[in-house]
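Residue-level structural notes
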Amino acid sequence: MKSAAVLLAVLLAVGMARSQVSLDCHFAPGWEASGPARQYTAENLYDYKDGAADGYLSYGFARMSTIDCKSGADMLTIDVSEMNDADAAYGLFTANRDPRLPIAPIGMGGQIQSQSATFAKGIYYVEIAEVADNPNADHTAVMQAFASGMSARLQGRETAPEALQWFPKENLDSVRLVPESVLGLKLLKRGYVAKYKQGQAFVVQEASSESAAEVFKKLREHFDGAAPAQIANEAFQAKVPYLDGICVFRKGRFLAGYANLHDATQAVTLSAKLAARIP
Amino acid sequence: MSSNTSRREFLSTGLSAGLALPVLGAASVIDPQSAKAAVPAKLDYRTLGRTGLKVTTVGMGCMITSDPSVITRAADLGINYFDTARGYQRGNNERMVAAALGARRKDVIISTKSHAPNKEELQQHLETSLSELNTDYIDIWFLHGKGSPDEIADDMIEVQQKAKKEGKIRFTGVSTHNGQQKLLPWMAQKGVFDVVLTGYNFTMDASMDQAIETAAKAGLGVVAMKVMAGGTRRMKPDDPAYKKLTQPGAMLAALKWVIKKPNIATTIPSITDMDQLDENLKAMSNPLSAGEEKILSAHLDAIRPLYCRMCGQCDGACQKGLPVADVLRFLTYADGYGQFALGRERFLELSTAHQSVRCGDCAHCTVNCPHGVQVARRIARAQELFA
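Each chain carries its own residue numbering, running from 1 in the direction its sequence is written. Chain letters and ligand numbers both follow the written order, the letters beginning at A and the numbers at 1. Only residues with pLDDT of 70 or above have their local features reported here, since the model is predicted, and side-chain atom pairs are shown and tallied only from 80 upward, although totals for entire chains, interfaces and linings are computed over all residues.

**A look at the overall build of chain A**
Within chain A one finds 7 helices and 14 strands. Its C-alpha atoms give chain A principal-axis dimensions of about 65 × 60 × 30 Å. Put plainly, a residue is buried at 20 or more neighbouring C-beta atoms within 10 Å of its own, exposed at 12 or fewer, and partly exposed in between, counting only other residues' C-beta atoms, which are placed from the backbone. In chain A, buried positions account for 48% of the 279 residues. Pairs at least 24 apart in sequence give 53% of the contacts found in chain A among residues at least 6 apart. Secondary structure elements follow DSSP: runs of H or I of four or more residues count as helices, runs of E of two or more count as strands, with numbering from the N terminus. Any residue pair is listed as a contact if its two C-beta atoms, each placed from the backbone, are within 7 Å.

Have a look at this one:
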């Protein structure tokens, strides 16, 4: 009975902690709510996002609060997704950001466009989208005001995940968190993938050195004809269909490397540089 | 088939009907991912309604695909139907599909969707999709996520028809997650659409089959999504259904069950990685077995007492006037997803009279769920938990 009461208290506490996102539309003059705020969980996110719900769920979605705002004939919607952790929030931002546009300094990172804004801060991923009769109208200032106002209201981390600093910046196109099956391989569960002008680099963090070693062993077996390489704790290189020249190394609990390069030797050279940056 | 027919009988009916299906085409391919022995895979094709397109019965939903190499390999292995949408990852998914299929554009069928709420935005979405997909035409362009005819304005249909005349799209369509019982007959009667993309899986009742049959008879090509019944992504490991659906072969069985249905031309299961791709390809090689049929039946048996399908048939049935489906949903927030606070919050939004109802006070319950949900027991639990 006592344990049930404790559990109930914990559940209520968690519920209260997760109820602290207050949504309204008073971030720019003339804007007001168009109806009450709504909330969605993993169970009913499909009701709102249809098939796109899977994208949120794959990143570790907990709950979403949303509100519609209006100013005259202009309408916009604010979606605040609460994720399981800050990395998941940033990861969902990286999945949705336009890699051709710069990252704005909002929270851990954001993007402001003429009719939309996104950013991640702490465990929150925020999307602000305008529904406009004129799809070419420039409402950047409104988007900026809503994003800044919403960010100020949310608590949480404002620095991007450390792993992003490990990828060399030269010729870097974009970095995203892949929530499962990095490089299309089920063995590589969740990790960051950096896309370059040529090829892509990846870093996957396992729970321990032992589990990383186990995954490394299975990967090595997966790629017939892989040859050993001298990087960090252990490494191999191979030339395989779809991933071309690939090098995978293990450094402690991290599995990392390069893929989609013309030859495996190049992948080894770049992987050695990447290994030096991983603590 | 009446809605009272047992799911086990329904599955059996589906199985026997599926066995009579003609296989329109077959091919063998080599698995280029592995340098080991070649793995033959049989490809089955069907005609997508009035479009005349020959599609593999297993297509590919690209929305959560982890790497473009998975899409490229799927095309190399013979899958020829690929689905994306303007809204997936705010356009990044269309770019991934373009990067993966660019060299094979003419060999594959690409569908995308727009959720634009008005004509102007719809037109802009089309141009953006063409640009992001790096193509001169889209094979099938869906109005995304419509739940009733009221959501499909005439000017949206005009945009689709104009795009078709201009050659920017080959065929028109509507995608739908709910309300199919009204929407599909309306689409069949309307005569301006070529394809419907609908949620469809082994947990659904017979009214869905009737709606799909009406659409198919009218010449609409029917593409099925959500064929894995939502998969396990939304489940918690302690969910009783989780173990059933995660047992080896369960997901494949669910896919096979759908492609056995003669009115379904193709399916678009989400494929994340190479392993899932290989697994899904098996659905075209081997028919649904008796063992797999048992897996699906067992899953249905497991979720039946708990899982409200929101069919609405209990509306007004409670002698105390309780909104039964709503209360069941609130309970699911707490029991299924650990969101006790949200469930209680919603429960406390009910009227004071409804909050004070206790199922134990009624001599007998007037709510009989056609899907076997133990309504009185579940509602009583909600009252115990929240009131």
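**Some remarks on the domain arrangement of chain A**
Residues and elements named next belong to chain A. Segmentation of chain A into domains returns domain 1 (20–153) and domain 2 (162–277). Placing the centre of domain 1 and that of domain 2 at their C-alpha centroids yields a distance of 33 Å. On the domain 2 side, the residues contacting the 8 residues of domain 1 number 7 residues. Top element by residues in the side of domain 1 that touches domain 2 is helix α4 (residues 86–96). It accounts for 5 residues. Following the grouping adopted for this structure description, the nonpolar residues are Ala, Val, Leu, Ile, Met, Phe, Trp, Tyr, Cys and Pro, the charged ones are Asp, Glu, Lys and Arg, and the polar ones are all others, Gly among them. Taken together, the residues of the side of domain 1 that touches domain 2 sort by class into 4 nonpolar, 3 polar and 1 charged. Domain delimitation follows an automatic or database domain assignment.

**Thoughts on the environment of A:T94**
All names here are of chain A. Structurally, T94 can be placed in helix α4. Spatially, the C-alpha atom of T94 lies 8.5 Å from that of S174, the residues being 80 residues apart in sequence. Ignoring anything within four residues of it in the chain, the contact list for T94 reads V175, R176 and L177.

**Structural notes on the packing of helix α4 (residues 119–132) of chain B against helix α5 (residues 154–165) of chain B**
Residues and elements named next belong to chain B. Inter-axis angles, ranging from 0 to 180 degrees, are taken between N-to-C directions of lines fitted to C-alpha atoms, where helices are fitted over the stretch in contact. Remark: α4 packs on α5, axes separated minimally by 9 Å, with the N-to-C direction vectors making an angle of 30°. Overall, the two elements α4 and α5 adopt an arrangement that is roughly parallel. For the element pair α4 and α5, the recorded crossing hand is right-handed. Each of K119, L122, Q123 and L126 in α4 lies in contact with α5, whose residues at this interface are D155, M156, V159 and A163. Looking at the contact of α4 with α5 residue by residue, the classes come out as 5 nonpolar, 1 polar and 2 charged. Throughout, the term roughly parallel applies to angles under 35 degrees, roughly antiparallel to angles over 145, roughly perpendicular to angles from 65 to 115, and oblique to all others. Note: crossing handedness is left-handed where the near helix turns anticlockwise from the far helix by less than a right angle, and right-handed where it turns clockwise.

**Overview of the sheet that holds strand β7 (residues 169–176) of chain B**
Residue and element names in this part refer to chain B. By the convention used here, strands pair only if DSSP detects at least 2 bridges between them. Judged by pairing direction, the sheet is parallel, and its 8 strands sit side by side in the order β3-β4-β5-β6-β7-β8-β9-β10 without closing on themselves. In this open sheet, the two edge strands, each paired with only one partner strand, are β3 (60–61) and β10 (266–267). Where β7 and strand β8 (residues 195–199) come together, 4 bridges link them in parallel fashion. The residue bridging T176 from the neighbouring strand is T198, located in β8. In this fold α5 packs onto β6 (138–143) and β7, with an angle of close to 150° to the strand it touches most, β7.

**Focus on the packing of helix α6 (residues 180–190) of chain B against helix α7 (residues 206–217) of chain B**
Residue and element names in this part refer to chain B. Two elements in contact, α6 and α7, have axes whose closest approach is 8 Å; the angle formed by their N-to-C orientations is 10°. If you check the angle between α6 and α7, you find them roughly parallel. Across the interface between the two elements, Q180, Q181, L184, P185, M187 and A188 of α6 pack against S207, M208, A211, I212, T214 and A215 of α7.

**Let's talk about the sheet that holds strand β10 (residues 200–205) of chain A**
Strand pairing in a sheet takes place through backbone hydrogen bonds and is either antiparallel or parallel in direction. Residue and element names in this part refer to chain A. Taken together, the 7 strands give an open sheet; going across it, the order is β8-β9-β10-β14-β13-β12-β11, and neighbouring strands pair in antiparallel fashion. The open sheet has two free edges, formed respectively by β8 (172–178) and β11 (227–229), since each of these has just one partner strand. Neighbour-to-neighbour, the strand axes of the sheet open up by a mean angle of 20°, direction not taken into account.

**Side note on the pairing of strand β7 (residues 124–131) of chain A**
Residue and element names in this part refer to chain A. Within β7, 6 of the 8 residues are buried, leaving the element largely enclosed by the surrounding structure. Strand direction decides the pairing type here: strand β6 (residues 116–121) and β7, joined by 6 bridges, are antiparallel. Counterpart to S116 in the pairing with β7 is A129. Between β6 and β7, which pair antiparallel one after the other, the connecting turn spans 2 residues, and G122 there sits at a positive phi close to 60°.

**Some remarks on the nonpolar core**
Where a protein is soluble and globular, its nonpolar side chains tend to be buried together. Take the buried Ala, Val, Leu, Ile, Met, Phe, Trp, Tyr and Cys residues, join any whose C-beta atoms are within 7 Å, and the set you get is a nonpolar core. Counting residues in each nonpolar core, the largest one holds 172 residues, and the members touching the most others are A:A89, A:I246, A:C247, B:V97, B:V196, B:V222 and B:A254. The element contributing the most residues to this core is helix α9 (residues 250–259) of chain B, with 9 residues. Non-local contacts of A:I246, meaning those with residues more than four positions away in its chain, are made with A:Q237, A:A238, A:V240, A:G257, A:Y258, A:A259, A:A264 and A:A267. Membership of the second largest hydrophobic core comes to 19 residues, among which are B:L322, B:V327, B:V357 and B:A382.

**With respect to unusual backbone geometry**
Not every positive phi belongs to a glycine, and A:S181 is a case in point at roughly 60°. Look at A:S181 and you get buried, because 25 C-beta atoms sit within 10 Å. Despite not being glycine, B:Q89 shows a phi value in the positive range, around 50°. Overall, the presence of 22 C-beta atoms within 10 Å leaves B:Q89 in the buried class.

**Digging into helix α6 (residues 209–222) of chain A**
All names here are of chain A. For a helix, the expected span equals 1.5 Å multiplied by the number of residues minus one. With 14 residues, α6 extends 20 Å between its outermost C-alpha atoms, agreeing within 8% with the 20 Å of an ideal straight helix rising 1.5 Å per residue. Looking at α6, one finds that the buried residues are A212, V215, F216 and L219. For α6, the angular spread of buried residues about the axis comes to 105°, placing them on one side. The exposed set on the far side of α6, more than 90 degrees from its buried face, consists of E210, K217, K218 and E221. Close packing links the buried residues of α6 with β12 (234–240), β13 (244–251) and β14 (254–261). What the arc measures is the spread of directions leading from the helix axis to the C-beta atoms.

**What to know about the environment of A:Y242**
Tracing the sequence through the fold places A:Y242 in the loop between β12 and β13. Distance in space between the C-alpha atoms of A:Y242 and A:N260 is 7.5 Å, their sequence separation being 18 residues.

**Comments concerning the pairing of β7(B)**
Along any regular strand the residues' side chains alternate between the sheet's two faces. Residue and element names in this part refer to chain B. Within β7, 7 of the 8 residues are buried, leaving the element largely enclosed by the surrounding structure. Pairing of β6 with β7 involves 5 bridges; the strand directions are parallel. Paired with L143 across the bridge in β7 is V174. Read from β6 through α5 to β7, the crossover connection turns out right-handed. Place the viewer so that the strands point away; then a crossover is right-handed whenever the path from the first strand over the helix to the second strand goes clockwise. Note on the crossover from β7 through α6 to β8: the handedness is right-handed.

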